[in-house]
Amino acid sequence: GDSVTQMEGPVTLSEEAFLTINCTYTATGYPSLFWYVQYPGEGLQLLLKATKADDKGSNKGFEATYRKETTSFHLEKGSVQVSDSAVYFCALASGGSYIPTFGRGTSLIVHP
Amino acid sequence: EAQVTQNPRYLITVTGKKLTVTCSQNMNHEYMSWYRQDPGLGLRQIYYSMNVEVTDKGDVPEGYKVSRKEKRNFPLILESPSPNQTSLYFCASSFAGYNEQFFGPGTRLTVL
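Note that this is a predicted model, so its numbers are computed, not measured.

Criteria and cut-off values
- Residues numbered from 1 in each chain as written.
- Chains lettered and ligands numbered in written order.
- Predicted model: local features only at pLDDT ≥ 70, side-chain atom pairs only at ≥ 80, totals over all residues.
- Heavy atoms only, no water.
- Buried < 20%, exposed > 50% of the residue type's maximum accessible area, 1.4 Å probe, protein only.
- Helix = DSSP H or I, 4+ residues; strand = E, 2+ residues; numbered from the N terminus.
- Pairing = 2+ DSSP bridges.
- 1 Å grid on protein atoms, 1.4 Å probe; cavity = no way out; pocket = protein on both sides within 12 Å on 5 of 7 lines; lining within 4 Å.
- Points joined across faces, edges and corners; volume = space filled by probe spheres on them.
- Nonpolar A, V, L, I, M, F, W, Y, C, P; charged D, E, K, R; others polar.
- Contact = heavy atoms within 4.5 Å.
- Buried area = accessible area lost by both parts, 1.4 Å probe.
- Salt bridge = Lys/Arg side-chain N within 4 Å of Asp/Glu carboxyl O.
- Polar contact = N/O pair within 3.5 Å; in protein donor to acceptor, adjacent residues only side chain to side chain.

*Asks:* In this structure, what is going on with the pairing of strand β2 (residues 11-14) of chain A? I would like to understand it.
*Replies:* On any regular strand, side chains alternate: one points to one face of the sheet, the next to the other face. Residues and elements named next belong to chain A. Side-chain alternation along β2 places Val11 and Leu13 on a buried face and Thr12 and Ser14 on a face that remains uncovered. Looking at chain direction, β2 and strand β12 (residues 106-111) are connected through four bridges and run parallel. Paired with serine 14 across the strands is histidine 111, a residue of β12.

*Asks:* Would you mind going over the layout of surface pockets with me for this structure?
*Replies:* With a probe scaled to a water molecule rolled over the atoms, the places where space remains empty come into view. Its boundaries defined by the atoms lining it, the largest pocket holds a volume of some 650 Å³. Taken together, 33 residues form the lining of the largest pocket, with Gln38(A), Val87(A), Gln37(B), Asp38(B) and Pro39(B) sitting closest to its centre. Elements represented by at least two residues in the lining of the largest pocket include exactly β1 (3-6), β10 (86-93) and β12 of chain A together with β4 (31-38), β9 (87-94) and β11 (107-111) of chain B. For the lining of the largest pocket, the residue count by class is 13 nonpolar, 14 polar and six charged. Here the second largest pocket is characterised by a volume of approximately 290 Å³.

*Asks:* Looking at this structure, I do not really get the interface of chain A and chain B. What am I missing?
*Replies:* Many authors give the size of an interface as the accessible area that is lost as the parts come together. On the chain B side, the residues contacting the 19 residues of chain A number 21 residues. Across the chain A to chain B interface the summed buried area is about 1600 Å²; carbon plus sulfur atoms make up 62%. Viewed at the interface, chain B and chain A are joined by zero salt bridges. Inspection of the region where chain A meets chain B yields three residue pairs in polar contact (both at pLDDT 80 or more). Sorting the residues of the side of chain A that touches chain B by element identifies β5 (32-38), β6 (44-50) and β10 of chain A as the ones contributing at least two each. Of the residues in the side of chain A that touches chain B, the class split is ten nonpolar, seven polar and two charged.

*Asks:* Just checking my understanding: could you explain the sheet that holds strand β1 (residues 4-7) of chain B for this structure?
*Replies:* Sheet strands pair via backbone hydrogen bonds, and the direction of the pair is either parallel or antiparallel. All names here are of chain B. Taken together, four strands build an open sheet; the order of strands is β1-β3-β8-β7 and the sheet is antiparallel. If you trace the sheet from one side to the other, it starts and ends with β1 and β7 (65-66), each paired once. Sheet analysis places β1 next to strand β3 (residues 19-25), joined by four bridges and oriented antiparallel. Bridge assignment links threonine 5 to a residue of β3, and that residue is serine 24.

*Asks:* Teacher, can you tell me more about the side chain of Gln25(B) here?
*Replies:* Residue and element names in this part refer to chain B. Among the structural elements, glutamine 25 can be located in strand β3. Within the structure, glutamine 25 has its side chain in polar contact with the backbone nitrogen of methionine 27 (distance 3.0 Å). Polar side-chain contacts of glutamine 25 include one of 2.9 Å to the backbone oxygen of histidine 29. Glutamine 25 has contacts with Gln3, Val4, Met32, Arg68, Lys71, Arg72 and Ser93, leaving out every residue within four places of it along the chain.

What follows is the structure, encoded as structure tokens:
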């Protein structure tokens, strides 16, 4: 079945540091890929998405590129802020399935 | 405003006392689902519904019931709660399982 593996956290960075959170997936067919963010005390919200190979999703300075050859969708940001502290979830959804698959989440802590 | 609402946001109850957590969306979404979030385990799907009167089990359905009598509502029912159901619960909706999911703010349940 489909699966998503993302790096374990917490990831602890200083403000303005470069961020990478790794995400790899296993899926049949050609899934859509998503990154969701969960701020403290809130529900998940979509951060960015990509629907086909080589697409780049971007939002709020975050980027991720759909790499079919490496089955990866790594999240990156050039300069993190304290306000980026949150839990980040990688997810996929296949057109043939009505059940999205989520990774376990990676906690990001950014210090001033 | 497009949103998913859940009630209550916080609930403390005792073992065996039936409870219902309500979920409602105003986006005319066909797909709705329930998740529980536990430390170290990420998000796990409990039940999902593809449309009115159509529901199916997710990964961890034991001890839960759902119903979908109206498109906008998808209540989660715990008929005899036990302490291992202490968790953070999220309702989500979308046009389809393979689209962006919209999450509610969460319900923190404690079963004593």
